[in-house]
Amino acid sequence: MATLEGKRPVSVSEVLRYALLTTLMVFFLFPIYWMIATSFKAPEDILTRPPKWLFTPVLSNYVYAFKEANFALFIRNTLLVSVVSTMLVVGLGALASYSFARYNVGKGHLMFFILTTRMMPAIAVIIPYFLIFRTLGSTTLGRALALGLDRPGALIVAYTMFNLPFAIWLMHSFFQDIPRELEDTARLDGYTRFKVLRKVVLPLAAPAIAVTAIFCLLFSWNEFLFAYLLTREAAKTITVGVAGFWTQRGILWGPLAAAATICVVPMLVFALILQRHIARGLTFGAVKG
Amino acid sequence: MLRTSDSSAGQQDNGIIAVDPIRPGDRRRGSLSDTGYAWLLVAPALVIIFFFALYPLGYAIALSMRHVDLTSAVGIGPYVGLDNYRWALHDKQFWVSAGRTGLFAVVVVSMEMSLGIWIAFLLNGVRWFKGLFRSFLLLPLAASPAAVGLIWRNMYHADFGVFNSLMAGLHLPEQNWLGDQRLALPSVMLFDIWQWTPFVAVIVLAGLQSLPREPFEAAELDGASSFMVLRRLTFPMLAPVLTLVFVLRSIDAIRLYDPILMLTQGGPGTVTETLTFYLYRVGMKFFRLDQASTMALLFLYVTIVFCLMVMRRLMRQMAQRAERR
């Protein structure tokens, strides 16, 4: 680890190491390649024996996905739900997390309780959620906020609820790392507590907030079960749309692969662009990077 | 983050912070105490969590103590005390699926941890393309399990799948990956290992890269063997990160749902039915909400106890690190 990496000649073990890594990368990347390749295959090229490696790419699967399954709407819904819930989670989560980190509200018990809400199997709460949103959807306020069944508001609330514990935990150690002295000095300069939070703490915590936002967006975008059970058509998200090509008559592999590509590729690009933040965020700040 | 701690260190040198720190409960201007302020900050998040976690939880507890059968005239029936718990603890399928969930979690988490750590070490020692390899590793974990799961279903296809094409190429017998009683569960495991091994590798790599150099240089001077360095230095220093990955992966592995739905739907028969999937079948297919809620609560209870045990260690480690700094 601490050896100097100068101009050593390439050794046998190094060649072996690269060979191993390349094999592993093929394994990890192949399913994604296969998804994208299948999405550009004409129907007669898809279920073949042996599978086709060379084929004439066509766009018909994408056309089908947008024409037959209203993917434009699913993309809009997914964007709306994941962006709004991410903003809510980051906003509310940052305030709560800061309070836990600085004032130790609830002496750790509250923090642990919040984490336990994350361990509930989604299936255990889905029935109460269903009933809550059915009731809320029939009230005037609920209608105004789109909180009913098959309405985006219901998914926004569900994802906010499921991501908040994670966000609070993720940001906690970052907030703890901000030196208390900075805040004390600002207070002595006449800042109010709220102004300290707004002008000193939050700007310093910006990287942590970015990491949290990335993860919340990933989770909400990729979520399936809640979206599947709480929506019918109007508020359907992309993941549910993908599974929609698994029909009574069988699986429509071409459109399904196109839909899966629409679902997965934006998040891959997103992850690649923000990879430095992700590596740090994944460690919950347990590692200083 | 590094920069902030550096600047604070600089300030300490200048003696700027030698003034009185603000004590908790010290009131300035506003009438709100620090405690009140702290609670005010937590309140919005707590309201959401309490309403959308405690209400459903209470509801589930209530359901677990009643007789609920939406397929019959009973509907949401009378309170029956602990009957459902008695039923669950005597239900063979409950124990079988719980055992399968445990087996699944133990296999995938141990495979992902060992493979992931191994890949991180491999990657940490390379000279070129380290960043590129790391970028590739991020892709599986960013992909939606529901969407990629269906692609894996295609790859596992008994007649037209790439896995069987590979087997044929290697002159090995072709397999019915998802339809074979013995192979179905390992096939689902392989999918999970594919998706989450990179997650472990990326985290451990970040951990390795952030280790301080000095202890390792000292060990080298002392002529410590590389095995000793690993055992006495690297792994102990990585312990907080490893514990964290272990907890995160374990919670997710026992809650596994999407891949089962997309790959096997619990089949063939019920050989890939994990506890969450069995729950789903009882609740959503048989509409026995009482029994489903009961099993969900038992599941939640076990998960919390497990996390309490593991987390206690993690919290202590984190606190120690904070003190040392």
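Residues numbered from 1 in each chain as written. Chains lettered and ligands numbered in written order. Predicted model: local features only at pLDDT ≥ 70, side-chain atom pairs only at ≥ 80, totals over all residues.

Asker: Help me understand the overall build of chain B in this model?
Answerer: Scanning chain B from N- to C-terminus turns up 13 helices and two strands. A fraction of 69% describes how many contacts in chain B between residues 6 or more apart in sequence connect residues 24 or more apart. (Helix = DSSP H or I, 4+ residues; strand = E, 2+ residues; numbered from the N terminus. Contact = placed C-beta atoms within 7 Å.)

Asker: In this structure, what is going on with the overall build of chain A? I would like to understand it.
Answerer: What chain A contains, in helices and strands, is 15 helices and two strands. When its C-alpha atoms are laid out on the principal axes, chain A stretches across 75 × 70 × 30 Å. Counting every position in chain A, which comprises 289 residues, the buried fraction comes to 49%. Sequence-distant contacts in chain A: of pairs separated by 6 or more residues, those separated by 24 or more amount to 73%. (Buried ≥ 20, exposed ≤ 12 C-beta atoms within 10 Å, placed from the backbone.)

Asker: What exactly am I supposed to notice about the interface of chain B and chain A here?
Answerer: In many reports, interface size means the accessible area that the parts give up when they come together. Taken together, the contact between chain B and chain A spans 92 residues of the former and 90 residues of the latter. Ranked by residue count, the leading element in the side of chain B that touches chain A is helix H2 (residues 34-64) of chain B, at 16 residues. Classifying every residue of the side of chain B that touches chain A gives 65 nonpolar, 18 polar and nine charged. (Nonpolar A, V, L, I, M, F, W, Y, C, P; charged D, E, K, R; others polar.)

Asker: How should the pairing of strand S2 (residues 75-79) of chain B be read in this particular structure?
Answerer: Regular strands show a simple pattern: their side chains alternate between the two faces of the sheet. All names here are of chain B. Counting buried positions along S2 gives zero out of five residues, so the element sits mostly on the surface. As paired elements, strand S1 (residues 66-69) and S2 share three bridges and run antiparallel to each other. Looking at the pairing, Asp69 lines up with Gly75 of S2. The turn joining S1 and S2, which pair antiparallel and follow one another in sequence, is formed by five residues. (Pairing = 2+ DSSP bridges.)

Asker: Explain the nonpolar core here, please?
Answerer: Within soluble globular proteins, side chains that are nonpolar generally end up buried alongside one another. Membership of the largest hydrophobic core comes to 171 residues, with the highest contact counts inside it found for Leu155, Ala158, Val242, Ala259 and Ala260 of chain A together with Val204 of chain B. Broken down by element, the residue count for this core peaks at 17 residues, all from helix H8 (residues 152-177) of chain A. Dropping the residues within four chain positions of it, Val204 of chain B is found in contact with Gly116, Ile117, Ala120, Leu238 and Val241 of chain B. (Core = buried A, V, L, I, M, F, W, Y, C linked by C-beta atoms within 7 Å.)

Asker: Any chance you could explain unusual backbone geometry here in plain terms?
Answerer: Backbone torsion omega between Arg49 of chain A and Pro50 of chain A reads -5 degrees, so that peptide bond is classified as cis. Here Pro50 of chain A shows up in the loop between helix H2 (43-46) and helix H3 (60-69). Phi at Asn70 of chain A takes a positive value of approximately 60 degrees, unusual for a residue other than glycine. Within the secondary structure layout, Asn70 of chain A lies in the loop between H3 and helix H4 (71-103). A residue is classified by how many C-beta atoms lie within 10 Å of it, and Asn70 of chain A, with 17 of them, is partly exposed. In this structure, Phe129 of chain B is a non-glycine residue whose phi angle is positive, near 65 degrees. Here Phe129 of chain B lies in the loop between helix H4 (92-124) and helix H5 (130-142).

Asker: I'm lost on the environment of Phe174 of chain A in this one. Help?
Answerer: Residue and element names in this part refer to chain A. Following the sequence through the fold, Phe174 ends up in helix H8. Assessed through the 25 C-beta atoms surrounding it within 10 Å, Phe174 is described here as buried. A sequence separation of 75 residues divides Phe174 from Arg249, and the C-alpha atoms of the two residues are 51 Å apart.

Asker: In this structure, what is going on with the packing of H3 of chain A against helix H14 (residues 253-273) of chain A? I would like to understand it.
Answerer: Packed helices, taken two at a time, are described by the angle their axes make and the gap between the axes. Residue and element names in this part refer to chain A. Look at H3 against H14: their axes get within 8 Å of each other, and the N-to-C directions meet at 80 degrees. Accordingly, the angle class assigned to the pair H3 and H14 is roughly perpendicular. From H3, Asn61, Tyr62, Tyr64 and Ala65 reach across to H14, where they touch Gly254, Pro255, Ala257, Ala258, Ala259 and Ile262. The class makeup of the residues in the contact of H3 with H14 is eight nonpolar, two polar and no charged. (Axes fitted to C-alpha atoms, helices over the stretch in contact; angles between N-to-C directions. Parallel < 35°, antiparallel > 145°, perpendicular 65-115°, else oblique.)

Asker: So what exactly am I meant to see when it comes to the environment of Ile156 of chain A here?
Answerer: Residues and elements named next belong to chain A. Mapped onto the elements of the fold, Ile156 is located in helix H8. With 75 residues separating them along the chain, Ile156 and Val81 place their C-alpha atoms 5.2 Å apart. Sequence-distant contacts of Ile156, defined by excluding residues within four places in its chain, comprise Val81, Val84 and Ser85.

Asker: Hey, could you run me through the packing of H4 of chain A against helix H11 (residues 206-222) of chain A in this one?
Answerer: All names here are of chain A. At their nearest, the axes of H4 and H11 sit 9 Å apart, and the two run at 140 degrees to each other. For the pair H4 and H11, the crossing hand works out as right-handed. In this structure, H4 contributes Thr78, Val81, Ser82, Ser85, Thr86, Val89, Val90, Gly93 and Ala94 to the contact, and H11 contributes Ile209, Thr212, Ala213, Cys216, Leu217, Ser220 and Trp221. Residue composition of the contact of H4 with H11, grouped by class: nine nonpolar, seven polar and no charged. (Left-handed = near helix turned anticlockwise from the far one by under 90°.)

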